[in-house]
Amino acid sequence: MDYRQLGSTGTRVSELCLGTWRFGKETNGVVETGREEAHGLLDAAWDRGVNFIDTANVYGSPHGTSEEYIGEWLEDYDREDFVIASKVYFPFDGWGEPGPNDSGLGRKHIRAQVEGTLDRLGTDYLDLYYIHRWDEDSDIEETLRTLNDLVREGKVHYLGASTMAAWQLTKALWKSDVESLERFEVTQPLHHAGYYEDVRDYLDVCADQDIAVCPYSPLAGGFLTGKYERADPDDPEAVEAPDGSRGSFDDFFDDYYLSERGWHVLDEVRTVATEAGATPAQVALRWLMDWDEFTCVPIVGARTVDQLDENVAATDVDLSDAQWDRIMDARYDPDGTLWGH
C-alpha cells in the first residue's frame, strides 16, 4: 500500500479509505454488518495497509453504532496509527426523537455531536471532521468559527466538507480566508467514472485550492463492478441485476446510472479491465486514484473481506494515460455531448 499527502495537509493516508456506513446499519430488520463482521473488516483493512477510516455520527441503527464498533476495535490498537474521519449535520436520534437543536450546523449541535463522537470512538481527537451537508439555516461563519475552535482545542485536526454546490464550497473558503479561520482541506462528493460532469465545477474548486477529494460511492453503487448486464439494447433501464443488489431497488441508481452514458462508460471500463488484467471495479478505483489535478482517495464500503481484497488490489493496477483518457471520454458521444443528455 502506498501513502499520499492528504491535499495540502501534513497528514499521509492510504490510497483507499475504508467506509463504515454499513456498520450496524439495519435494512428490513437485518443488520448489514454486525459487530464481529465490522471488526473483521477493520482488521483486514489494517493488515493490508489501510490507515484511513471514514464514519459518521448517524451511521448505524441506532445512530452512533458505527462509531461504537470502531471505538471498541481501536482499544486493541495504537490510535496514532490511524487517520479517522467523522461527520456532523443530520438529526441524531441515538437517545430518542431528535429535538429542535439536534441537527444542522449551529454551534450547539456541533458541540454536542463532536463530544458524542469522541466518546463513542474512545479517542481525544478526530483527524478529520466533515460537515455532512450544507446548512441553509446556519450562518457559515458561525459554523466555521465553531469548527475553528475545535481545531484550536485539539479536538479536531482538519476540517472537511461533504456534498454541496461549488458556490457553497467557494463561499466557505472565502469566509475562512477573510476571517482567518481554519478552512476545509478535504471534500467528500459523489464522484466516479460515470458521474464526473455533474460535479466538474465543484472539483475545479478543489483542484484550484489544493483540496483533497475522497469520493463516496466510487463504484456507482455497484454498477461499475460489472455485475449488472443490459437486458434490452433499446432500453438502457432494462437491466439484469443480482437479487438483492442495489440496482434492484434504488431509484437514484436507475435515474443516474442506467442510461446510455452509464452503459457506455461501463463498456469502456470493462474493455480497459481486460487489457489491464484487472476487474472492472479495480479499474474504476484506479481511475479515481490516478486523478492528477488533486489528491483523490476513494472511500470503499466493502461488505466482505473478499470484496475488500479486490478493492485493495486496485492499488497495484497500472493504467496508461491513454486508457485513463478513454474512460474519461466514454461519457461523451461522437458529437461531443453527454450520452443520454
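The structure under discussion appears in the preceding block.
The model shown is predicted, which means the values in this text are computed figures rather than measured ones. (Residues numbered from 1 in each chain as written. Predicted model: local features only at pLDDT ≥ 70, side-chain atom pairs only at ≥ 80, totals over all residues. Heavy atoms only, no water.)

Turning to unusual backbone geometry, a few remarks are in order. Ser-61 connects to Pro-62 through a cis peptide bond whose omega is 0°. Checked against the element boundaries, Pro-62 lands in the loop between strand S6 (52-54) and helix H2 (65-74). Phi at Ser-217 is positive, roughly 50°, even though this residue is not glycine. Here Ser-217 is to be found in the loop between strand S11 (212-213) and strand S12 (229-232). Residue Ser-217 is classed as partly exposed on the basis of its relative accessible area, which comes to 21%. (Helix = DSSP H or I, 4+ residues; strand = E, 2+ residues; numbered from the N terminus. Buried < 20%, exposed > 50% of the residue type's maximum accessible area, 1.4 Å probe, protein only.)

This brings us to the nonpolar core. Judged by nonpolar contacts, the single largest core of 87 residues is most densely connected at Tyr-129, Phe-184 and Trp-287. No other element matches helix H9 (residues 280-289), which puts seven residues into this core. In this view, Trp-287 contacts His-191, His-192, Ala-193, Leu-319, Trp-324, Ile-327, Met-328 and Arg-331; residues no more than four positions away in its chain are not counted. (Core = buried A, V, L, I, M, F, W, Y, C linked by side-chain atoms within 4.5 Å. Contact = heavy atoms within 4.5 Å.)

Throughout the structure, instances matching the rule amount to 23 salt bridges. Between Glu-15 and Arg-4 there is a salt bridge, and its shortest N-O distance comes to 3.1 Å. Of this pair, Glu-15 sits in the loop between strand S2 (12-14) and strand S3 (17-19) while Arg-4 is found in strand S1 (residues 3-5), placing the two residues 11 residues apart along the sequence. When its relative accessible area of 18% is taken as the criterion, Arg-4 is described as buried. When salt bridges with common partners are traced through the structure, they connect Arg-4, Glu-15, Arg-286 and Asp-290 into a single cluster. (Salt bridge = Lys/Arg side-chain N within 4 Å of Asp/Glu carboxyl O.)

We now examine the side chain of Glu-185. Examined against the element boundaries, Glu-185 turns out to sit in strand S10 (residues 184-187). Within the structure, Glu-185 has its side chain in polar contact with the side chain of Ser-8 (distance 2.8 Å). With residues near it in sequence (within four places) discarded, Glu-185 still touches Ser-8, Thr-9, Tyr-158, Leu-159, Ile-211 and Ala-212. (Polar contact = N/O pair within 3.5 Å; in protein donor to acceptor, adjacent residues only side chain to side chain.)

Quick look at the pairing of strand S8 (residues 126-131) now. Counting buried positions along S8 gives six out of six residues, so the element sits mostly inside the fold. In terms of strand pairing, strand S7 (residues 83-88) meets S8 through four bridges, oriented parallel. Bridged to Ser-86 within S8 is Tyr-129. The pairing of S8 with strand S9 (residues 156-161) spans five bridges and is parallel. Within the sheet, the bridge partner assigned to Leu-128 lies in S9 and is Tyr-158. In terms of handedness, the path from S8 via helix H4 (residues 140-152) over to S9 forms a crossover that is right-handed. (Pairing = 2+ DSSP bridges. Right-handed = clockwise from strand over helix to strand, strands pointing away.)

Summed over all chains, the structure comprises zero disulfides. Between Cys-214, a cysteine without a disulfide, and Cys-17, which holds the nearest cysteine sulfur, the sulfur-to-sulfur distance is 6.1 Å. When its relative accessible area of 0% is taken as the criterion, Cys-214 is described as buried. Unpaired in this structure, Cys-296 has its nearest cysteine sulfur neighbour in Cys-214, at a distance of 7.5 Å. Overall, Cys-296 belongs to the buried group, its relative accessible area being 0%. (Disulfide = S-S within 2.5 Å.)

Between helix H8 (residues 260-276) and helix H11 (residues 321-329), the least distance of the axes is 9 Å, while the angle of their chain directions is 165°. Taken as axis vectors, H8 and H11 run roughly antiparallel relative to one another. Relative to H11, the crossing made by H8 is left-handed. Across the interface between the two elements, Glu-268, Val-269, Thr-271, Val-272 and Glu-275 from H8 touch Gln-323, Arg-326 and Ile-327 from H11. When its residues are assigned to classes, the contact of H8 with H11 shows three nonpolar, two polar and three charged. (Axes fitted to C-alpha atoms, helices over the stretch in contact; angles between N-to-C directions. Parallel < 35°, antiparallel > 145°, perpendicular 65-115°, else oblique. Left-handed = near helix turned anticlockwise from the far one by under 90°. Nonpolar A, V, L, I, M, F, W, Y, C, P; charged D, E, K, R; others polar.)

A separate point is the side chain of Arg-331. Within the fold, Arg-331 resides in the segment after H11. The side chain of Arg-331 is buried and forms no salt bridge, while Glu-197, the nearest opposite charge, is found at 5.5 Å. Side-chain polar atoms of Arg-331 contact the backbone oxygen of Met-328, separated by 2.4 Å. (Lys, Arg positive; Asp, Glu negative; His and termini not counted.)

Of note, Thr-146 is situated in helix H4. By relative accessible area, Thr-146 is classed as buried at 0%. In sequence terms Thr-146 and Leu-105 are 41 residues apart; their C-alpha atoms lie 9.1 Å from each other. Filtering out sequence-adjacent residues up to four positions away, Thr-146 remains in contact with Arg-107, Ile-110 and Arg-111. One polar contact links Thr-146 to Arg-107, side chain to side chain, over a distance of 3.4 Å.

Fair warning: the whole summary comes from geometry, so function is off the table for now.
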